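Notes for the structure review
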Amino acid sequence: MNQIDKTWGPQSWRSKPILQQPNYPCKESLVKVCEELSSMPPLVTAREVLQLREELANVAAGKGFLLQGGDCAESFSEFSDEHIRSVVQVLLQMAVTLTYSGKCPVVKIGRLAGQFAKPRSADLESVDGVELPSYRGDSVNGSDFDEASRVPDPQRLLSSYNQSAITLNLLRALTGGGYAGLRNVKEWNRAAMLNPELAKTYGAMAERIHESLDFMEACGLPLESFSSMNSTALYTSHEALLLDYEETMLRKNGAEWFNLSAHMLWIGERTRQLDHAHVEFFRGIENPVGVKVGPTATAADVAGLCDLLDPECIPGKLILITRIGAEGSFEKLRELFTMVKESGREVIWICDPMHGNTVKSTSGYKTRKFDAIFTEVQNFFRAHKAAGTWPGGLHLEMTGKDVTECTGGAINVQDEDLNQRYETPCDPRLNAAQSLELAYLVASELKNF
Ligand code: PEP
Ligand code: CO
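Now for a quick tour of the structure. Being a predicted model, the structure only gives us computed values, none of them experimental.

Thoughts on the site of ligand 1
Around ligand 1, the neighbouring residues are Cys72, Arg111, Lys118, Pro119, Trp266, Gly268, Glu269, Arg270, Lys292, Arg323, His355 and Glu397. Arg111 places a polar side-chain atom, nitrogen or oxygen, 2.9 Å from an oxygen atom of ligand 1. Interatomic distance of 2.7 Å between a side-chain N/O atom of Lys118 and an oxygen atom of ligand 1. Class assignment for the residues of the shell around ligand 1 results in three nonpolar, two polar and seven charged.

Focus on the side chain of Asn259
Within the secondary structure layout, Asn259 lies in strand S7 (residues 256-259). A polar side-chain atom of Asn259 sits 3.0 Å from a polar atom in the side chain of Glu246. Contacts of Asn259, omitting those with residues within four sequence positions, involve Glu246, Met249, Leu250, Leu265, Phe281, Ile285 and Asn287.

Topic: helix H5 (residues 196-218)
End to end, H5 covers 32 Å across 23 residues, agreeing with the expected 33 Å (1.5 Å per residue, within 8%). Within the span of H5, buried status applies to Leu198, Ala199, Tyr202, Met205, Ala206, Ile209, His210 and Leu213. Looking at the buried positions of H5, the neighbouring elements they touch are helix H3 (81-102) and helix H11 (432-447). One or two residues past the end of H5 sits Gly220, with phi positive at roughly 95 degrees.

Some words on the coordination of the cobalt ion (ligand 2)
Protein ligation of the cobalt ion (ligand 2) involves Cys72 (SG), His355 (NE2), Glu397 (OE) and Asp427 (OD), the donor distances falling in the range 2.1 to 2.6 Å. Donor residues for the cobalt ion (ligand 2) sit on one chain with the sequence pattern C-x282-H-x41-E-x29-D. Placement of the pair is Glu397 in strand S14 (residues 391-397) and Asp427 in the loop between S14 and H11, with a sequence separation of 30 residues. One exposure class covers both Glu397 and Asp427, and it is buried.

A few points about the pattern of salt bridges
Inspection of every chain in the model, using the stated rule, returns 26 salt bridges. Residue Arg53 pairs with Glu286 through a salt bridge whose shortest N-O separation is 3.1 Å. Separated by 233 residues along the polypeptide, Arg53 in helix H2 (residues 46-60) and Glu286 in the loop between helix H7 (277-282) and strand S9 (289-293) bring together distant segments of the chain. The exposure class assigned to Arg53 is buried, which follows from its relative accessible area of 14%. Given a relative accessible area of 4%, Glu286 falls into the buried group.

Details of the environment of Pro25
Inspection of the secondary structure puts Pro25 in the segment before helix H1 (27-38). Between the C-alpha atom of Pro25 and that of Gly254, which follows or precedes it by 229 residues, the distance is 38 Å. Ignoring any residue separated from it by four or fewer positions in sequence, one finds Pro25 in contact with Val151 and Pro152.

Some details on the sheet that holds strand S2 (residues 106-111)
Spatially, the eight strands close up into a barrel ordered S1-S2-S5-S8-S9-S10-S11-S14, and their pairing is parallel. Direction aside, the axes of adjacent strands within the sheet are offset by 25 degrees on average. Summarising the sheet, S2 and strand S5 (residues 234-239) pair through four bridges and their orientation is parallel. By the bridge assignment for S5, Gly110 is matched with Thr236. In this fold H2 packs onto strand S1 (65-70), S2, S5, strand S8 (264-267), strand S10 (318-322), strand S11 (348-351) and S14, with an angle of close to 125 degrees to the strand it touches most, S2.

Concerning the state of the cysteines
Considering all chains together, one arrives at zero disulfides under this definition. Cysteine Cys406 is unpaired, with the sulfur of Cys72 as its nearest cysteine sulfur at 11 Å. Classification of Cys406 by relative accessible area gives buried; the value is 0%.

What about a nonpolar patch on the surface?
Nonpolar side chains collect at one region of the surface, where Phe215, Met216 and Leu221 lie side by side and expose about 280 Å² of accessible area between them. Among the structural elements, Met216 can be located in helix H5.

Procedures and definitions
- Residues numbered from 1 in each chain as written.
- Chains lettered and ligands numbered in written order.
- Predicted model: local features only at pLDDT ≥ 70, side-chain atom pairs only at ≥ 80, totals over all residues.
- Heavy atoms only, no water.
- Near = heavy atom within 4 Å.
- Polar contact = N/O pair within 3.5 Å; in protein donor to acceptor, adjacent residues only side chain to side chain.
- Nonpolar A, V, L, I, M, F, W, Y, C, P; charged D, E, K, R; others polar.
- Helix = DSSP H or I, 4+ residues; strand = E, 2+ residues; numbered from the N terminus.
- Contact = heavy atoms within 4.5 Å.
- Expected span 1.5 Å × (residues − 1).
- Buried < 20%, exposed > 50% of the residue type's maximum accessible area, 1.4 Å probe, protein only.
- Donors = N, O, S within 2.8 Å, 3.2 Å for Na, K, Ca; no water.
- Salt bridge = Lys/Arg side-chain N within 4 Å of Asp/Glu carboxyl O.
- Pairing = 2+ DSSP bridges.
- Axes fitted to C-alpha atoms, helices over the stretch in contact; angles between N-to-C directions.
- Disulfide = S-S within 2.5 Å.
- Patch = residues over 30% accessible without salt bridge, like charges linked within 9 Å, V, L, I, M, F, W, Y side chains within 5 Å.
- Areas by Shrake-Rupley, 256 points an atom, 1.4 Å probe, with all protein chains shown as cover.

Take it as geometry only, folks, not as evidence of what the structure does.
Listed below in structure tokens is the structure:
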């Protein structure tokens, strides 16, 4: 695409208006850090990116489901073996549930290994009359509410790159080293300690999977030679917000440009203006790209995004991530799905039921209600049914840990429980039990679609 449009280049975004960027006090140190990053090896390869695009082409064709999930923001302090494993486990557990109960192959993408930068609704945060610049994610500044922490520091970009590389190293070991093979299905049960009922349902399914494998082996099928017995693909993604950083990860492969900071990247709700820098940057890369589509997005906005980001209509290239909020989402979604379908395009639609359903609890925490989350998912499925389009997937903020950040679900977290284990530096995540419960509910929507 970029060969045809001569005006695109790795730096063409620099001449466009740009929102949500840090205001670095020392531009020279930013330039130095970026030079250093540009000389580093990339985090993923073009081959892997194209492999993902191929798998996503199946999703676009209605023959697969995309599960994308992880923390709202990764952080430097919450960085451990246990933290990464817990997200991987719950993703594997949800994916096998969707595949088994929903009867649909699942492509897995983590909000992982690079999800460090956050757009904010306000530039300043005020606490007890003191105003400081907002926290913008660990790749920009610190979350502590003091003046020094909130100064944007370019060295943090190097730390994010390093943490992403270490995270990817473990991800590759976990997904390629036997742990993610189907014979280990019982071991991924993160919800066991939280919701015994759900753990039992999952355990019984895992048992049936084992028995099916035993049966196939007894029939003489050489199961060990199938790749899913030993490994699985878990791709990485993040919001490509900081374009100084993202530019350093561009690499040319043949005639084409890839952003090798992650396999898939997305543009957030606040930076998707058609004539702004983010859309300009994204339109030149070969990666599958996502865009958040919020309640104010018009049909013309969405049509413009499709034309700019996927002018050649490449299957698996464009992922529209809707985040409308439960209320009113059916009508809005039906209108958008219908419009894109009538334009002759086959994009991937996935539902982010998190970001339109954030509320302040009576106890003062930023939270989300499980029921509102599931209602938006149901509306997403209903609207696809009505429009004759395919519900391509789910985009979640979730963790494999036992946190209390979202209310409700079968484990029934209450407003007054939120303070027990509210650990997110940003948005509230579904915990392991709530995530698995949602996977079962979505599997049932999928099976009946
Ligand atoms: C996010 O995904 O964390 C996010 C900030 O989403 P949105 O751009 O949809 O608000
Ligand atoms: Co978020």
